[in-house]
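One letter stands for each residue in the lines below.
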Amino acid sequence: MDVVDVAFIQPIEHRPEPNVIVEAVGIPLIDLSPLLHPNDSTEAQRNELATKVGNACREWGFFHVINHGVPFDLQHKVEVAVKKFFGLASEEKRKVQRDEVNPLGYYDTEYTKNIRDWKEVFDFMVKDPTVIPASHELHDNELQELRNKWPDYPIELSEVCREYAIAVENLSIKLLELVALSLGLPEKRLNGYFNHNNTSFIRLKHYPPCPAPHLALGVGRHKDGGALTILAQDDVGGLEVKRKIQGDWVRVNPIQGSFVINVGDIIQVWTNDKYESPEHRVMVNSKKDRFSIPFSLNPAHDVMIKPLDEFVNTENPSKYKEYNWGKFLKTRRLSNFKKLDAENLQIHHFKQSG
């Protein structure tokens, strides 16, 4: 990512709010050891894990996991390859730049002069190719295949990323089953939405040191649109979550060997607001580079999202209108390239009136 003259940076709408940031106290740390050897784990152990996950989802929407089963050596290989890629000259990285036709590949904020989010990223889909709608128009049923764009260097990037994607996808399904159990649902109640046609993806992120960190964000305040996010982050820190009750921003400090998990909008809709997708952001650093790798667990493009029947009754009617996940995802992707007729889609657009 190229260096930007500080004089170019102007105050922006999404700059950090002047509020108090507190250290993370109480964000749960959950040991997933019983899942490493399922044949030796007991039903009581799984139920205990599910209870811990449920409490974390209700109170924070965020939690750390350790002993998660993703090999440390694999994580290290990915980290090394990612740093090699982002260390390339900008013209080399832009050879695999994303565009409106294929939104996968490389993107940086300097190239578009967009400093709202101070970072450079590389996106790839877990399934290659991945089928999504060709258009965000509701009645357009045409589909397109998205294929990953891999750079020529480092040559190991595609191989280690594919291996890593399989590992974190497997972890995400285990976590999804714990979420289901925590809700009183059958363990595999949600698995069918994430078949071989799922649209899960991984984003490699690099946040360079920012010359004016008080005027920019690594990622502005937002909620994740998918089901679950599994985040690997380095030891620099910068992730913050907005606490539900107090409303203050809390630093999610890195814990060596852990992943940070958060609930996404799909879980919020499925549970009819029982579990809420938390608002979070990333602050930039004036001195250090920061690297992170979020994995987003997403369903297949044809899945219709609405509150599950188990959470809807006469006393608690459906709070959301049904929407198609593929169209939702396509609209989000298109908004990166052009101004659409409406603001970027959020689940509040599907809230039932009254």
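Below, the structure is looked at part by part. (Residues numbered from 1 in each chain as written. Predicted model: local features only at pLDDT ≥ 70, side-chain atom pairs only at ≥ 80, totals over all residues. Heavy atoms only, no water.)

We now examine the overall build of the chain. What the chain contains, in helices and strands, is 8 helices and 17 strands. For the chain, the proportion of its 354 residues judged to be buried stands at 53%. When the accessible area of the chain is evaluated, it comes to approximately 16700 Å², of which 50% is carbon and sulfur surface. (Helix = DSSP H or I, 4+ residues; strand = E, 2+ residues; numbered from the N terminus. Buried < 20%, exposed > 50% of the residue type's maximum accessible area, 1.4 Å probe, protein only. Areas by Shrake-Rupley, 256 points an atom, 1.4 Å probe, with all protein chains shown as cover.)

At the junction of aspartate 128 and proline 129, the peptide bond is cis and its omega measures out at 5° in the coordinates. With respect to the helices and strands, the residue proline 129 is situated in the loop between β5 (120–125) and β6 (130–133). For the bond from tyrosine 153 to proline 154, the omega torsion is -5°, close enough to zero to count as cis. One non-glycine residue, asparagine 272, lies in positive phi territory at about 55°.

Glancing now at the sheet that holds β5. Strand order in this open sheet of 8 strands is β2-β3-β13-β10-β15-β8-β5-β4, and the pairing throughout is mixed. The sheet is open, and its two borders are formed by β2 (29–31) and β4 (105–108), each paired with just one other strand. Mean inter-strand twist for the sheet, computed between neighbouring axes without regard to direction, equals 25°. Sheet analysis places β4 next to β5, joined by 4 bridges and oriented antiparallel. By the bridge assignment, aspartate 108 is partnered in β5 with glutamate 120. Its contacts with the sheet put helix α3 (residues 72–86) on β4, β5, β8 (201–207), β13 (259–263) and β15 (290–297), and the angle it makes with β15 is roughly 115°. (Pairing = 2+ DSSP bridges. Axes fitted to C-alpha atoms, helices over the stretch in contact; angles between N-to-C directions. Contact = heavy atoms within 4.5 Å.)

Our next topic: the layout of surface pockets. Of the voids in this model, the second largest pocket is the one considered here, and its volume is about 560 Å³. Along the walls of the second largest pocket sit 21 residues, with Gln75, Glu79, Gln233, Asp234 and Asp235 positioned nearest its centre. At the level of secondary structure, the elements contributing two or more residues to the lining of the second largest pocket comprise α3, β10 (228–233) and β15. Here the lining of the second largest pocket gets 7 residues from one element, more than from any other, and that element is α3. (1 Å grid on protein atoms, 1.4 Å probe; cavity = no way out; pocket = protein on both sides within 12 Å on 5 of 7 lines; lining within 4 Å. Points joined across faces, edges and corners; volume = space filled by probe spheres on them.)

Every regular strand shows the same layout, with side chains that alternate between the two sheet faces. Burial runs high along β10: 6 of the 6 residues are buried. Residues Leu228, Ile230 and Ala232 line one face of β10 and the alternating positions Thr229, Leu231 and Gln233 line the opposite face, and both faces are buried. Two strands pair when backbone bridges link them, and β10 and β13 are joined in this way by 4 bridges, in the antiparallel orientation. The residue of β13 that forms the bridge with threonine 229 is asparagine 262. Note: β10 against β15, 6 bridges, orientation antiparallel. Of the residues in β15, the one forming a bridge with leucine 231 is proline 294.

Turning to the packing of aromatic side chains, a few remarks are in order. As enumerated under the stated definition, the model contains 12 aromatic pairs in all. Considering the side-chain rings of phenylalanine 86 and phenylalanine 291, the 6.5 Å spacing of their centres and the 40° angle between planes classify their relative orientation as tilted. Within this pair, whereas phenylalanine 86 is found in helix α3, its partner phenylalanine 291 is found in strand β15, the two being separated by 205 residues in sequence. Across the pair, phenylalanine 291 and phenylalanine 86 agree in class, each one buried. Considering the side-chain rings of phenylalanine 328 and phenylalanine 350, the 6.4 Å spacing of their centres and the 45° angle between planes classify their relative orientation as tilted. Of this pair, phenylalanine 328 sits in helix α8 (residues 325–334) while phenylalanine 350 sits in the segment after α8, and the two are 22 residues apart along the sequence. (Phe/Tyr/Trp six-rings, centres within 6.5 Å; stacked < 30°, edge-to-face > 60°.)

This paragraph deals with helix α6 (residues 157–182). End to end, α6 covers 37 Å across 26 residues, agreeing with the expected 38 Å (1.5 Å per residue, within 8%). Looking one or two places after α6, you find glycine 184, whose phi comes out positive at around 80°. (Expected span 1.5 Å × (residues − 1).)

Where helix α2 (residues 43–59) meets α6, the closest approach of the two axes is 8 Å, and the angle between their N-to-C directions is 85°. Taken together, α2 and α6 sit at an angle that is classed as roughly perpendicular. On α6, the residues that touch Arg46, Leu49, Ala50, Val53 and Gly54 of α2 are Glu177, Leu178, Val179, Leu181 and Ser182. Its residues assigned to classes, the contact of α2 with α6 comprises 6 nonpolar, 2 polar and 2 charged. (Parallel < 35°, antiparallel > 145°, perpendicular 65-115°, else oblique. Nonpolar A, V, L, I, M, F, W, Y, C, P; charged D, E, K, R; others polar.)

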